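# Topology and contacts: notes
Residues per chain are reported as follows:
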Amino acid sequence: MPLPGGLWWLLCCRRGFTLLHRDYGDGELSGDGDEDEDEETFELRTPSPAGGRRGPLDVTLTQPVRTGPISDRLQSWEETRSLIPEKGLLEDDTDVVVKGWLYREPRGGGARPWLPPRRAWFVLTRDSLDQFSSSGKGARRLGSLVLTSLCSVTGPERRPKETGLWSVTVSGRKHSVRLCSPRQAEAERWGVALREVIASKAPLETPTQLLLRDIQESCGDPEAVALIYRRNPILRHTSGALYAPLLPLPYGVCTPGPGYAPLREEAVRLFLALQALEGARRPWPLMQGVLQTCRDLPALRDELFLQLAKQTSGLSGPPRLLATQDPASLRYWQLLTCMSCTFRPGGAVRGHLLGHLERTEQALPDSELAEYARFIRRALSRTRGRELVPSLAEISALSQRQELLCTVHCPGAGACPVAINSHTTAAEVARELVGRLGLARSRNAFALYEQRGAQERALAGGTLVADVLTRFENLAAEEARLEDSPNTGWRLCLRLHGPLHPEGLSPDSHELPFLFEQKPGGGAPQKLCLGLGAKAMSLSRPGETEPIHSVSYGHVAACQLTGPHTLALRVGESQLLLQSPQVEEIMQLVNAYLASPSPERPYSSPPPCQDLPDTSSPSQRPGLDEPQGQSGCLGQLQK
């Protein structure tokens with residue numbers, strides 16, 4: 001009796017039976033003579049332990065081996081015939097979903113557009129897509145495509161330059177079938193019907209998934225787990241190739257952007273990239289490329305986690321003792337560390353990975369691999385997903401299980417180094433710097449900004465700083481590829497954020513430089529009115545009579561012209577940069593009052609202003625008992 005509905009596992013009971021043959025999914029449209037391929041094979045046996053007690057499930061899984069001539073193996077069309085009953089048209093079969101005349105593009109028609117589509121009668125059932133020579137009884141069946149949960153459908157799409165027909169593509173394990181119709185509505189009807197049939201199929205499980213389930217069920221019995229690893233090489237490190245994914249990935253799914261192959265092929269490519277890491281002289285760019293592939297193709301993330309668990313496993317599960325001294329083996333652990341700080345594995349894969357890490361710690365408690373295992377377990381508990389993959393600097397730091405140093409520019413304090421990890425947020429960095437600068441009791445709020453020249457943008461509190469550094473690295477790399485491109489100059493800065501509360505600030509406060517740098521919402525600098533009086537200078541907003549801050553001349557240590565419209569004032573330990581077209585007038589007024597005795601400066605001294613010496617006497621100036629407003633744009637403060 002034929003197997004129903006694409007269920008190709010001859011596994012009536014998972015314990016006590018032998019699996020003789022398995023096929024991932026579909027049969028083939030045999031009319032085109034598809035090339036045969038070997039797949040993974042495995043067998044299940046249950047040993048008969050002494051005493052009659054049922055032992056653990058014994059699973060043997062091997063990679064495909066291409067041996068013997070094709071004539072000695074099951075042909076593709078014979079596989080199809082063994083899976084699909086021999087029958088003619090299903091005219092009266094209630095299992096028919098849709099049927100009708102369609103055109104089928106020949107195999108390789110995209111590369112050979114001169115071959116015209118062939119017209120045939122197609123019948124879609126709950127199990128397969130069948131092609132017949134005609135619609136009458138006794139018509140010869142030209143081929144069948146068995147539909148499973150891994151099949152995929154794309155379209156409809158119109159190809160005006162080739163056939164001018166609307167096409168729907170059905171992808172199976174070994175090839176795809178493109179059904180064409182001159183009517184869009186007809187193509188849409190077949191596309192919807194095919195998707196509904198595929199969505200109704202029971203999910204297929206790969207041999208690796210069955211083994212993961214057995215390991216999870218036997219987690220309390222270390223000997224049983226070790227036995228499963230010893231008898232199933234698919235779970236252990238290999239130097240050979242991987243011919244099929246470890247997880248059930250859909251057939252023929254299109255991937256975003258150029259350079260990517262279908263998912264199943266990309267999974268095999270990823271394994272080749274892992275093996276290339278063993279001898280790579282510069283492994284960080286290769287690791288970053290692998291991480292970027294997983295970011296672009298989320299379906300491959302769990303696949304890569306399993307591949308790394310496989311390549312870091314030994315004969316009985318945990319890695320061998322010699323692996324602790326093997327640089328090639330260490331590369332897998334380093335990439336697994338980066339993966340754990342970037343992506344979250346799915347439920348079953350996460351459980352298997354945590355068990356693998358725990359067994360490694362128990363088997364090699366004082367080794368470097370155990371340190372990696374502990375680091376990865378902690379990272380998995382904190383990772384929530386990244387906007388970008390780690391930068392090269394972060395990958396280098398993670399490979400050594402170290403924190404990453406970033407630089408944040410703070411007004412009045414200069415460049416402040418801050419140690420971060422892959423999970424540090426912008427709010428955490430701002431909070432650390434506020435405490436370091438003694439501003440924890442300030443009524444003002446502070447936030448981290450990204451800045452380049454006059455451009456700046458506040459970062460949300462939950463933004464990962466590591467993602468921001470990766471973006472800076474990418475921007476710098478993009479501009480480096482452009483000729484005569486200026487340096488991006490992106491950097492992190494600490495800024496005042498939200499409503500200002502300037503009341504009660506002392507001239508020596510670290511908060512004063514932030515006040516002068518405040519920009520509303522990261523836009524253009526705010527215009528303030530500078531008032532120069534007999535004893536002090538003050539800043540106020542245009543149209544307001546109350547100043548937001550005042551500084552007596554006794555606290556001004558020096559002033560200097562730094563540009564055509566820029567005046568630098570040193571107040572306490574901070575240097576304030578004032579930008580205004582009236583800096584020459586401001587200089588003359590400040591010179592006069594700095595030269596006058598004050599309680600803070602009881603004896604007159606030469607004016608500390610430079611570049612524009614004062615040639616007039618104070619008596620020639622207008623009285624300054626009332627503030628004389630000067631409007632100017634306040635620029636950036638520097639220490």
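For the structure, see preceding data.
Attention here is on the structure that accompanies the text.

Looking only at helices and strands, one finds 15 helices and 22 strands in the chain. By the burial criterion, 48% of the 639 residues in the chain qualify as buried. Summarising the internal contacts of the chain: among those between residues at least 6 apart in sequence, 64% fall at separations of at least 24. For the chain, the computed accessible surface area is about 30600 Å², with 52% contributed by carbon and sulfur atoms.

Between helix α3 (residues 207-217) and helix α4 (residues 222-230), the shortest axis-to-axis distance is 9 Å and the interhelical angle comes to 160°. Taken as axis vectors, α3 and α4 run roughly antiparallel relative to one another. Every pair of crossing elements has a handedness; the one defined by α3 and α4 is left-handed. Between α3, through L211, D214 and I215, and α4, the contact on the second element is made entirely by V225, I228 and Y229.

Look at helix α9 (residues 347-363): 24 Å from first C-alpha to last across 17 residues, which is about the 24 Å you get at 1.5 Å a residue. Those residues of α9 that sit buried are V349, H352, L353, G355, H356, L357, R359, T360 and E361. Close packing links the buried residues of α9 with α3, α4, α7 (301-311), α8 (327-340) and α10 (368-382).

What follows covers the sheet that holds strand β8 (residues 166-171). Strand order in this open sheet of seven strands is β6-β5-β4-β3-β9-β8-β7, and the pairing throughout is antiparallel. Edge positions in the open sheet fall to β6 (141-146) and β7 (152-158), since each of these has one partner strand only. The average undirected angle you get between the axes of adjacent strands in this sheet is 30°. The pairing of β8 with strand β9 (residues 176-181) spans six bridges and is classified as antiparallel.

Moving on, we get to the side chain of S218. In this structure, S218 sits in the loop between α3 and α4. Not counting residues up to four positions away in its chain, the partners in contact with S218 are A224, V225 and I228.

On to the state of the cysteines, then. Scanning the model with the defined rule gives zero disulfides in all. Cysteine C341 remains unbridged, with the sulfur of C338 as its closest cysteine sulfur at 7.0 Å. What makes C341 buried here is its relative accessible area of 2%.

Once that is clear, we can look at the environment of A139. Structurally, A139 can be placed in the loop between β5 (128-132) and β6. Judged by its relative accessible area of 11%, A139 is buried. Each C-alpha atom of the pair A139 and W121 lies 9.4 Å from the other, and the pair is 18 residues apart in sequence.

Right, let's get into the packing of aromatic side chains. In this description, a pair of aromatic rings is defined by centroid distance and the angle of the planes. What the rule picks out here adds up to two aromatic pairs. Arranged with centres 6.0 Å apart and planes meeting at 20°, the rings of F472 and W490 form a pair that is stacked. Of this pair, F472 sits in helix α13 (residues 465-481) while W490 is found in the loop between α13 and β14 (491-496), placing the two residues 18 residues apart along the sequence. Judged by relative accessible area, which is 10%, F472 ranks as buried. Against the face of Y372 rests R401, its NZ or CZ located 4.5 Å from the ring centre.

Bringing the pattern of salt bridges into the picture now. Considering all chains together, one arrives at 18 salt bridges under this definition. Among the ionic pairs, R436 bridges to E432, the shortest N-O distance being 2.8 Å. Taken together, the residues span about one helical turn, with R436 and E432 both in helix α12 (residues 426-436) at a distance of four residues. You can call R436 partly exposed: its relative accessible area is 43%. Through salt bridges with shared partners, a single network forms among E361, E371, R374 and R377.

Here we take up α12. Within α12, the full set of buried residues consists of A426, V429, A430, L433 and V434. Along the long axis of α12, the arc covered by the buried residues comes to 135°, so they all point the same way. Its buried side turned inward, α12 meets β10 (404-410), β11 (414-420), β12 (446-452), α13 and β14. A positive backbone phi angle near 75° is found at G438, which sits one or two residues after α12.

Contact geometry for helix α6 (residues 283-296) and helix α11 (residues 392-399): axes closest at 10 Å, N-to-C directions at 105°. As the angle between them shows, α6 and α11 are arranged roughly perpendicular. In this structure, α6 contributes W284, P285, M287, Q288 and L291 to the contact, and α11 contributes L392, I395, S396 and S399. A per-class count over the contact of α6 with α11 returns six nonpolar, three polar and no charged.

For strand β15 (residues 527-532), the buried fraction is high: five of the six residues fall into the buried class. Judged from the four bridges that link them, β15 and strand β16 (residues 536-540) form a sheet pairing that is antiparallel. Residue pairing in the sheet places G531 in a bridge with S538 of β16. Connecting the antiparallel pair β15 and β16 is a turn made up of three residues.

Further remarks concern the nonpolar core. Of all hydrophobic cores here, the largest spans 54 residues; its most connected members are L291, L304, L308, W333, L335 and M339. With near-sequence residues (within four places) excluded, M339 lies in contact with L291, C294, R301, L304, F305 and L308. Judged by nonpolar contacts, the second largest core, of 26 residues, contains C416, A426, L437 and L448.

Let us look at the sheet that holds β12. Ordered in space as β11-β10-β14-β12-β13, the five strands form an open sheet in which the pairing is mixed. Strand pairing shows two members of the sheet lacking a second neighbour, β11 and β13 (455-458), which therefore form its edges. Adjacent strand axes in the sheet meet at a mean angle of 40° when their direction is disregarded. Pairing between β12 and β13: four bridges, direction antiparallel. From the neighbouring strand, E450 faces β13, where its bridge partner is R457.

Procedures and definitions
- Numbering of residues starts from 1 in every chain and runs along the sequence as written.
- In keeping with the predicted nature of the model, local features appear solely for residues at pLDDT of at least 70, side-chain atom pairs appear and are counted solely at 80 or more, and the whole-chain, interface and lining totals rest on all residues.
- Where side-chain values are given, they derive from all heavy atoms of the structure, hydrogens and water being excluded.
- The helix count covers DSSP runs of H or I at least four residues long, the strand count covers runs of E at least two residues long, and both are numbered beginning at the N terminus.
- With a 1.4 Å probe rolled over the protein chains alone, any residue whose accessible area is under 20% of its type maximum counts as buried; one over 50% counts as exposed, and the rest are partly exposed.
- Any two residues having at least one pair of non-hydrogen atoms within 4.5 Å are treated as being in contact.
- Using the Shrake-Rupley algorithm and a 1.4 Å probe, accessible areas are obtained, with residue cover drawn only from the displayed protein chains.
- Helix axes are fitted to C-alpha atoms over the stretch in contact, other axes to C-alpha atoms as well, and angles between N-to-C directions run from 0 to 180 degrees.
- In what follows, roughly perpendicular refers to angles from 65 to 115 degrees, roughly parallel to angles under 35, roughly antiparallel to angles over 145, and oblique to any angle outside these ranges.
- With the far helix as reference, a near helix turned anticlockwise by less than a right angle produces a left-handed crossing, and one turned clockwise produces a right-handed crossing.
- To estimate how far a helix should extend, the number of its residues minus one is multiplied by 1.5 Å.
- Pairs of strands are assigned from DSSP output, requiring at least two bridges between the strands.
- Here, the term disulfide refers to a pair of cysteine sulfur atoms separated by no more than 2.5 Å.
- Classification of ring pairs uses Phe, Tyr and Trp, with its six-membered ring standing for Trp, and accepts pairs whose centres are within 6.5 Å; under 30 degrees between planes counts as stacked, over 60 as edge-to-face, and the remaining range as tilted.
- Two conditions define a charge located above a ring, namely a distance within 6 Å from the ring centre to NZ of Lys or CZ of Arg, and an angle within 35 degrees of the ring normal.
- Each salt bridge in this description consists of a side-chain nitrogen of Lys or Arg and a carboxyl oxygen of Asp or Glu lying within 4 Å of one another.
- When we speak of the arc, we mean the arc of directions from the helix axis to the C-beta atoms.
- Under the grouping applied here, Gly and all other residues not named as nonpolar or charged are polar, the nonpolar ones being Ala, Val, Leu, Ile, Met, Phe, Trp, Tyr, Cys and Pro and the charged ones Asp, Glu, Lys and Arg.
- Think of a nonpolar core as a cluster: buried Ala, Val, Leu, Ile, Met, Phe, Trp, Tyr and Cys residues, connected wherever their side-chain atoms sit within 4.5 Å.

Everything listed here is a matter of coordinates, which is why it stays silent on function.
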